[in-house]
Amino acid sequence: QVQLVDSGGGLVQAGASLTLSCVLSGRTFSDSHMAWFRQAPGKERRFVAGISGSGFTYHTDRVKGRFTISRDNAKNTVYLQMNRLEPDDTAVYYCATSKIYARVLGTNAANYDIWGQGTQVTVSS
């Protein structure tokens, strides 16, 4: 059974840093494109960052220069390093992948069908 378990969220003040982690089990991690999405209350789930199996990364403009996605294939883990957090970053963060092996899955949530349970990030002003 393919499973994603994400963790690392918390309550922090604006300007602080957090690192989210997500562990994949049940499939070959090194071949899996991974991504982070976030969903704020009353809003749709939105793309944050993605990383291919070979390490190609891309980030939404809202987080460029502040957030960095990375992966450790030996640990089957993808990370999201978040620096200079802002109140608008408050959301539930989800890691995601797809049953289909693809080099790049893109920014559309509909391309992903395996999701973590979510981890809450709250940034106070």
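Below is a summary of the structure that appears in this document. (Residues numbered from 1 in each chain as written. Predicted model: local features only at pLDDT ≥ 70, side-chain atom pairs only at ≥ 80, totals over all residues. Heavy atoms only, no water.)

Things to note about the overall build of the protein chain
Along its length, the protein chain carries zero helices and 11 strands. When its helices and strands are written in sequence order, the protein chain yields β-β-β-β-β-β-β-β-β-β-β. Computed over its C-alpha atoms, the radius of gyration of the protein chain comes to 13 Å, within 12% of the 14 Å expected for a compact globule of 125 residues. Across the protein chain, the fraction of contacts at a sequence separation of at least 24, relative to all contacts at a separation of at least 6, is 59%. Only carbon and sulfur atoms are counted for the fraction: they give 47% of the accessible area of the protein chain, which is about 6200 Å². (Helix = DSSP H or I, 4+ residues; strand = E, 2+ residues; numbered from the N terminus. Rg over C-alpha atoms; globule rule 2.2 N^0.38 Å. Contact = heavy atoms within 4.5 Å. Areas by Shrake-Rupley, 256 points an atom, 1.4 Å probe, with all protein chains shown as cover.)

Section: the packing of aromatic side chains
By the definition in use, this model includes seven aromatic pairs. Aromatic side chains Phe-37 and Phe-47 sit 5.6 Å apart centroid to centroid with 80 degrees between the ring planes, which places their arrangement in the edge-to-face category. Here Phe-37 is found in strand β4 (residues 34-39), whereas its partner Phe-47 is found in strand β5 (residues 46-51), with 10 residues between them in sequence. Note on accessibility: Phe-37 and Phe-47 belong to one class, buried. Ring geometry for Phe-37 against Tyr-112: centres 5.1 Å apart, planes inclined by 75 degrees, an arrangement best described as edge-to-face. (Phe/Tyr/Trp six-rings, centres within 6.5 Å; stacked < 30°, edge-to-face > 60°. Buried < 20%, exposed > 50% of the residue type's maximum accessible area, 1.4 Å probe, protein only.)

Focus: the nonpolar core
One recurring pattern in soluble globular proteins is that nonpolar side chains are buried together. The biggest cluster of nonpolar side chains holds 25 residues, and the ones touching the most others in it are Trp-36, Val-48, Phe-67, Val-78, Leu-80, Met-82 and Tyr-93. Within the residue set of this core, elements represented by two or more residues are β3 (18-25), β4, β5, β7 (67-72), β8 (77-82), β9 (91-97) and β11 (119-124). Looking at this core, the element that brings in the most residues is β3, giving four residues. Excluding its chain neighbours within four sequence positions, the residues that come into contact with Val-48 are Trp-36, Phe-37, Arg-38, Tyr-58, His-59, Thr-60, Val-63, Phe-67, Leu-80 and Tyr-93. (Core = buried A, V, L, I, M, F, W, Y, C linked by side-chain atoms within 4.5 Å.)

By themselves, these are just geometric observations and shouldn't be taken as functional.
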